[in-house]
Amino acid sequence: MRSIRFALRMLGREWRSGELGVLLLALTIAVAALTGVGFLVSRISAAVAMRATQVLAADIRVESARPIADAVFVRAASMGLSRAHATGMLSVVFDGERSELADLYAVTAGYPLRGKVLVATHLFAQGTPASAVPPPGVVWADSRLLAALGGHVGSQLSIGAATLRVGRVLISRPDQGGTFTSLVPNLLMNAADLPRTQLIQPGSRVRYSALFSGDPRQVAAFETWLRTHLRPGEQVRDIADTSPQIGGAVSRADRFLSLASLVAVLLCAAAVAMSARRYVARHLDLVALLKTLGATRRFTLRLTTLELLAVAAIASLLGASIGYLAQAWLVYALRGVLTHGTLPAASLTPVAMGLLTAVALLAGFALPPLWRLSRTPAIRVLRRDIGPPPLSVLLAFGPSAGVIAALIAWVVLDVRLFLEFTAGLAAFLALLFAAGMLLVRAAARLRGHVGVAWRYGIANLGRRRIDSVVQIVAFGVGIMALLLLGIIRNDLDGAWRGSLPADLPNYFFINIPPQSRDAFIAYLRSHGARTSRMLPMIRGRLTAIDGRPVESMRFPGRRGEHFATREQNLSWASALGPDNRIVAGRWWAPSERGAPLVSIATEFERWLGLRLGDELTFDVAGDSLTVRVASVRKVKWDSFQPNFFIVFAPGLLEKETGTYLTSAYLTPDQARALAQLARTFPSVSIFDIDDLLNDVRAVMDKAVLAVQSVFVFTLLAGLTVLLAAVQSSRDERRYEGAMLRTLGASRATVLQGVLAEFAALGALAGLLAAAGASVAAWFLTTRVLDLHYAFSPGACAIGFAGGIVLVAVSGWLATRSVVNQPPLGALRRGPG
Amino acid sequence: MVGGVLTAERLVKRVESPEGPLTIVQDVSLDIARGESMAVVGPSGAGKSTLLALLAGLDLPTGGRVLLEGHDLTALDEDGRARLRAARVGFVFQAFHLIPALTALENVMLPLELASHSGARDAALDTLRRVGLADRTGHYPRQLSGGEQQRVALARAFVTRPAVLFADEPTGNLDSTTGARIGQLLFELNADSHTTLVLVTHDQELATRCRRVLRMDAGRIV
Ligand SMILES: Nc1ncnc2c1ncn2[C@@H]1O[C@H](COP(=O)(O)OP(=O)(O)OP(=O)(O)O)[C@@H](O)[C@H]1O
Ligand SMILES: [Mg+2]
């Protein structure tokens, strides 16, 4: 109690004297960076999850080949969830003489619960959202169906025993499936018309779907209930099935944002460490005095810890508010970019994370110095040169290293990246320290060759070697952060936007028969479409891994189960696309034609827990085929080129009957030619992913803006480190300056000396920073972001020159007042 | 030798220095009775401050022991010695050593609060009045002159009514007039509260006001 009151009083007082400013600043920025990013990422992920639910047209759905039990609907109703039915089946649709197989989809009012049905009045036109389901007696048929039938809005279609009028052209419905499962044209109708068609007979293949949506917690509770009450044949689908393209863009942005905020936090940690050092230096006398007056060691430790905890509490509050505001502003600035829906509210978890971060930073970086501070012997009141004994290496660096490792692990959540990042960081700091040591030593050699001011400055660097090195490293890290941002910011912006150019393929064509393959390409080209590569597609099933049948195996996640049990799309290729990168093993050589080799995507590797060299057995149209995993590919799904999880070596699958797949970019004008194309190549399925693309672009834009705003935090963190470094050196110089002046040095000489010392410090720090920033930029661009890295000598020169100017000027500004002070006051206060 | 407030038995303090082991205090024994005052004088570097630190339990001797009101300081750990100091000992230093973050009143209250006394505020106000600073209680140390600061330090030292008061050159940082006044005050307070006084000083006049004068040179009593 005593200590709390006393600590608060000390806090209030030291607060007013500006003593704790840098510490507060560092902690606030760390918290703001982490919470801001945390808020943003959680909201963007929530938005992506919402986009994903649109693919289901619901938050959760149950599918079955038999009508779904009423009990399910009753339960959903009692939980306050919205509900809709959808019934799907394949049937031939007639328009006079012409007929076409179509995927009939009969829905009840309320469909879709998530996302929008897009309709138009002309074939292959831009769709507008429909406000309700088709009324009874009316159907909405898609462009391809109408093109094949030669129909239009107003045509009468015979569907089973009923005749229904085409009310609109169906451009898309949310759950038509971007995963190429539905290869037939679509028709949307009202469920009330279904009995009239008399299509549902015993033995007919019908897919019944029950759609539900509502409050996320209710949905989660309902899902739990569902899983225990499912009848055989009923299947639950939820948002875990998202489209890989959007997921890729978001996770890349997420990764980068997290790393950028991590860099900000690490910089802040450096500032906290320096502030803590300073705090200790300035409280040695206090602790010694308190002990002399009868305070126990516990009391002094509690006192200083409480004081810093109070600072942490204020910083958390401030930081979390700043983080929240930054994120809210960002979301506001980006309103409307996501084409569907609004962003869900931010969750409060990031605030807790921010608080935890502040406390962890203090615990790791300030607690060991405070521990040491509490060991200041009372005798210091009589002999000022006696300080606390040094901490053991383990105690001095253990907690901070532990906290850093924990923070990195928490942010990157990836073992390999974690190891790379920590090893890189450790090596980097060691190198920085060693280089700093060398530079200080080299500078000492210069002493004899320069004027008196410089000699004094450089002598100082050498005399306080460890302190100088710490300051060089701190300045260096601060400048490096600024440089790094300068180097990669523009690259990043460009590369990021460049990875989703406006002419990205926006149509996929599937089911192209091998014999019309060349004609098809020629047709597209003649209409001005920009085509991408053409890949074969063969259906097959994975039957065994290393000889063990997959049915008998268990897989970590639902995706694994899914991949192990469903039919897969297989392909083969001789060349590796530019949007694929080998991360393990190697791509086959031309001479390996016909060798039993397969290349898998990283997702497939992870979901099934596969390893290089595993033997996979596939059943392709009754033939059993065993191949060895020769390479693992990282696929850039957002290239929107045809890509497959599983690619065979050439010469294995050619004899199987498959079809071809390609994608192309078509302008809205060119897209009108698709009606003709559908007629010329009736078996080809067309997928319009323009909508999806626009969503991905929106997410990317959001990411770029988010990244830039996180840069601001990192920038501030870098400046804080500089500030902490200047401040820590100021205390020492205050005493020396006063002493020199007492000895008769003119103000100008003292100032020049200070200026010289800071300039030397800045030059050394700038040198280190330029080298460090280049390496870090390389690591970030190539390892984390999968982008291209270009060395930038200009930035290095700026770093070097900037370091000198920045450090010299800020050091001079900070010390100027000191030099102007009458010497007596400073001398009386003593050094430190 | 028992019966004195403060007893030292064959105190030795040895430290390691770059030139080998160095004996700063050599075989010092003394016994001080309650209410007695003793000045420690001697040339600079004689070991006066070191002896004071040993007697007050701020530092531990290499050999011998110190008894403070019957408690063997060398047998206590750091916190034990601190607690003993909180209850029985007051200090005045050459460099005042006030806490700049606290007001005069708060500085004086501090030792009482550390010893968990109730009524710290009233006692502190009372003592400040006795040193003539009743109207400066809300001032911070840097708003006070050197003499005033030392008076606050005196108030802080006496506020706990300590059994022993240690003073290391309390007038060393002050001009002679102010120093004389502080010395006067010190002895007044001492007489009032029957405190045992151990005073290290270069000030001849101050030393002669003490009942005993202990002369030190090169770590020994001479
Ligand atoms: N921990 C230590 N390490 C090394 N030398 C020490 C230590 N403590 C004291 N000394 C030395 O012992 C000698 C006595 O110091 P002390 O401070 O007791 O002298 P003093 O009599 O108080 O002198 P002054 O009148 O100048 O204050 C000095 O030479 C001092 O440098
Ligand atoms: Mg002394």
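Residues numbered from 1 in each chain as written. Chains lettered and ligands numbered in written order. Predicted model: local features only at pLDDT ≥ 70, side-chain atom pairs only at ≥ 80, totals over all residues. Heavy atoms only, no water.

A.B. asks: Could you give me a rundown of helix H1 (residues 48-55) of chain B, with the residues and numbers involved?
C.D. replies: Because an α-helix completes one turn every 3.6 residues, residues spaced three or four positions apart along the sequence face the same direction. Counting buried residues in H1 of chain B gives 7 out of 8 residues, a clear majority hidden from the surface. Taken as a whole, H1 of chain B has its buried residues at Lys48, Thr50, Leu51, Leu52, Ala53, Leu54 and Leu55 of chain B. (Buried < 20%, exposed > 50% of the residue type's maximum accessible area, 1.4 Å probe, protein only. Helix = DSSP H or I, 4+ residues; strand = E, 2+ residues; numbered from the N terminus.)

A.B. asks: Describe a nonpolar patch on the surface, with residues and values.
C.D. replies: All names here are of chain A. Residues Leu90, Val92, Phe94 and Leu101 make up a contiguous nonpolar surface patch of about 330 Å² in total accessible area. Take the nonpolar patch: its biggest share by element is 3 residues, from strand E2 (residues 82-95). For phenylalanine 94, the position within the fold is in strand E2. Accessibility expressed as a relative area gives 37% for phenylalanine 94, which makes it partly exposed. (Patch = residues over 30% accessible without salt bridge, like charges linked within 9 Å, V, L, I, M, F, W, Y side chains within 5 Å. Areas by Shrake-Rupley, 256 points an atom, 1.4 Å probe, with all protein chains shown as cover. Salt bridge = Lys/Arg side-chain N within 4 Å of Asp/Glu carboxyl O.)

A.B. asks: Quick one: what's the story with the site of ligand 1, residue by residue and with numbers?
C.D. replies: What surrounds ligand 1 is the set Arg383 of chain A together with Val15, Ile24, Ser44, Gly45, Ala46, Gly47, Lys48, Ser49, Thr50, Glu169 and His202 of chain B. Nearby residues place ligand 1 at the junction of chains A and B. Contact distances for ligand 1 include 2.8 Å between an oxygen atom and a backbone N or O atom of glycine 45 of chain B. In the complex, the protein chains occlude 69% of the 640 Å² of accessible area that ligand 1 would expose alone. In terms of residue count, H1 of chain B provides more of the shell around ligand 1 than any other element does, 3 residues in total. Within the shell around ligand 1, the residues separate by chemical class into 3 nonpolar, 6 polar and 3 charged. (Near = heavy atom within 4 Å. Polar contact = N/O pair within 3.5 Å; in protein donor to acceptor, adjacent residues only side chain to side chain. Nonpolar A, V, L, I, M, F, W, Y, C, P; charged D, E, K, R; others polar.)

A.B. asks: Just give me the short version of the packing of aromatic side chains, but keep the residues and values in it.
C.D. replies: Residues and elements named next belong to chain A. Counted under the stated rule, the structure contains 12 aromatic pairs over all chains. Ring centres of phenylalanine 212 and phenylalanine 222 lie 4.8 Å apart, and the angle between their planes is 65°; on these two criteria the pair is classed as edge-to-face. Taken as a pair, phenylalanine 212 in strand E10 (residues 206-213) and phenylalanine 222 in helix H6 (residues 216-229) lie far apart in primary sequence, 10 residues in all. Residues phenylalanine 212 and phenylalanine 222 agree in their burial class; the two are buried. Between phenylalanine 520 and phenylalanine 681, the ring centres sit 5.0 Å apart and the planes meet at 75°, which makes this aromatic pair edge-to-face. (Phe/Tyr/Trp six-rings, centres within 6.5 Å; stacked < 30°, edge-to-face > 60°.)

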